[in-house]
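As a plain string of letters, each chain reads:
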Amino acid sequence: MGKDVIIACDFDSAAQTLRFLERFSAAPRRPYVKIGMELYYAEGPQIVRQIKELGHPVFLDLKLHDIPTTVKKAMRVLSALEVDMCNLHAAGTGAMMEAALEGLTRPDGSRPLLLAVTQLTSTDQTAMERDLLIHEPMESVILHYAETARRAGLDGVVCSPLEAETVHARCGEEFLTVTPGVRFAGGDVGDQKRVTTPERAKALGSDYIVVGRPITQAPDPAAAYARCLSEFLS
Ligand code: C5P
């Protein structure tokens, strides 16, 4: 499975996103792009079609979580959009994840990659115990959710690069780890708490790194993307 850098296009309009992506029109290969809730809810499925038409692989990051039937039907719609990767919350249970896979699978047997969010990186041990009444250590919860996702047939999880190693040890090398929280050495951390460099994420076994502001807010986004690729892939 190919490793890659995914650019998180956290913009609130199609115009801004397409202007940003023009910077990569001369590149030998169109970058993998993540479309999140903000852009999708602002612009709808049309923005996915537009970005796909430009030749970018797309990770649609909508984190579905509902009853199995609803998720299955929603996944069928996302699959028809020809996205390459999408996700859901593992907290929806194994039954929901299995239903999601059914919905995603096209008549010819192909489907987008499906990943599970374990615990959001904004949730800490205190909030998990107080609000969710989960009293196990965070690491065991994450590994248990990853294992449930693997058993349901999913392709991997979204996690911190710092968890990539243990997830692979538990779920196998083929089970994908897609990891946000990446910064260049000495770069601005912003609101991320547990960050690593592209180089370190590679050493820890991340399969895909998701990079937003270090590329979107850089003075030269194409150069920042090229730096990410060279640190992560070489
Ligand atoms: O700008 P930055 O590199 O921090 O962007 C990271 C991206 O990954 C954002 O789109 C954020 O919503 C997403 N993300 C994250 N942590 C998670 C899941 C998704 O930072 N656990």
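What you see is a predicted model, and the numbers here were worked out from it, not measured in a lab. (Residues numbered from 1 in each chain as written. Predicted model: local features only at pLDDT ≥ 70, side-chain atom pairs only at ≥ 80, totals over all residues. Heavy atoms only, no water.)

Caption draft 1: View of the pairing of strand E8 (residues 208-211). By the alternation rule, side chains of E8 split into Tyr-208 and Val-210 and Ile-209 and Val-211, which are all buried. Pairing of strand E1 (residues 4-8) with E8 involves 4 bridges; the strand directions are parallel. Within E8, the residue paired with Asp-4 across the bridge is Tyr-208. Examined bridge by bridge, strand E7 (residues 176-179) and E8 share 2 bridges and lie parallel to one another. Among the inter-strand pairings, Val-178 is bridged to a residue of E8, identified as Tyr-208. This β-α-β element, E7 to helix H9 (residues 198-203) to E8, shows right-handed connectivity. (Buried < 20%, exposed > 50% of the residue type's maximum accessible area, 1.4 Å probe, protein only. Helix = DSSP H or I, 4+ residues; strand = E, 2+ residues; numbered from the N terminus. Pairing = 2+ DSSP bridges. Right-handed = clockwise from strand over helix to strand, strands pointing away.)

Caption draft 2: Structural context of the site of the ligand. Taken together, Ala-8, Asp-10, Lys-34, Thr-121, Pro-180, Arg-183, Gln-192, Val-210, Val-211, Gly-212, Arg-213 and Pro-214 form the complete shell of residues around the ligand. Take Thr-121: an N or O atom from its side chain is 3.0 Å from a nitrogen atom of the ligand. The contact in question runs from an oxygen atom of the ligand to an N or O atom on the side chain of Arg-183, over 2.8 Å. For the ligand, whose accessible area on its own is 470 Å², the fraction buried by protein is 83%. Elements with a minimum of two residues in the shell around the ligand: E8 and helix H10 (213-216). Grouping the amino acids of the shell around the ligand by side-chain chemistry returns 5 nonpolar, 3 polar and 4 charged. (Near = heavy atom within 4 Å. Polar contact = N/O pair within 3.5 Å; in protein donor to acceptor, adjacent residues only side chain to side chain. Areas by Shrake-Rupley, 256 points an atom, 1.4 Å probe, with all protein chains shown as cover. Nonpolar A, V, L, I, M, F, W, Y, C, P; charged D, E, K, R; others polar.)

Caption draft 3: Here's a closer look at unusual backbone geometry. A positive phi is found at Thr-93, a non-glycine position, where the angle reads about 85°. In this fold, Thr-93 is placed in the loop between strand E4 (85-89) and helix H5 (94-104). Non-glycine residue Leu-133 carries a positive phi angle of around 55°. Residue placement: Leu-133 occurs in the loop between helix H6 (125-132) and helix H7 (138-152).

Caption draft 4: Focus on the environment of Cys-159. Turning to its location among the elements, Cys-159 is positioned in the loop between strand E6 (156-158) and helix H8 (161-171). For the pair Cys-159 and Ser-206, spaced 47 residues apart in sequence, the C-alpha separation works out to 9.2 Å.

Caption draft 5: Fine view of the pattern of salt bridges. One pass over the structure, following the stated rule, counts 10 salt bridges. Across the pair Lys-34 and Asp-61 runs a salt bridge, and its minimum N-O distance is 2.7 Å. Within this pair, whereas Lys-34 is found in strand E2 (residues 32-36), its partner Asp-61 is found in strand E3 (residues 58-64), the two being separated by 27 residues in sequence. With a closest N to O distance of 2.7 Å, Asp-84 and Lys-52 form a salt bridge. Placement of the pair is Asp-84 in the loop between helix H4 (68-80) and E4 and Lys-52 in helix H3 (residues 45-53), with a sequence separation of 32 residues. Looking at Lys-52, the relative accessible area reads 26%, which means it is partly exposed. Several salt bridges share partner residues, and in doing so they unite Lys-34, Asp-61 and Lys-63 into one network. (Salt bridge = Lys/Arg side-chain N within 4 Å of Asp/Glu carboxyl O.)

Caption draft 6: Seen up close, the packing of H4 against H5. The N-to-C vectors of H4 and H5 enclose an angle of 30°; their axes lie 7 Å apart at closest approach. Taken as axis vectors, H4 and H5 run roughly parallel relative to one another. Crossing geometry of H4 relative to H5 is assigned as right-handed. The residues of H5 that touch H4, namely those facing Pro-68, Val-71, Lys-72, Met-75, Arg-76 and Ser-79, are Ala-95, Met-96, Ala-99, Ala-100, Glu-102, Gly-103 and Leu-104. Split into classes, the residues belonging to the contact of H4 with H5 amount to 8 nonpolar, 2 polar and 3 charged. (Axes fitted to C-alpha atoms, helices over the stretch in contact; angles between N-to-C directions. Parallel < 35°, antiparallel > 145°, perpendicular 65-115°, else oblique. Left-handed = near helix turned anticlockwise from the far one by under 90°. Contact = heavy atoms within 4.5 Å.)

Caption draft 7: Here's a closer look at the state of the cysteines. Enumeration over the complete set of coordinates arrives at 0 disulfides. The thiol of Cys-171 is not disulfide-bonded; the next cysteine sulfur, from Cys-159, is found 9.7 Å away. Accessibility expressed as a relative area gives 10% for Cys-171, which makes it buried. Left without a disulfide partner, Cys-228 is nearest to the cysteine sulfur of Cys-9, which lies 13 Å away. Residue class for Cys-228 comes out buried when judged on its relative accessible area of 1%. (Disulfide = S-S within 2.5 Å.)

These values are about where atoms sit, not about what they do.
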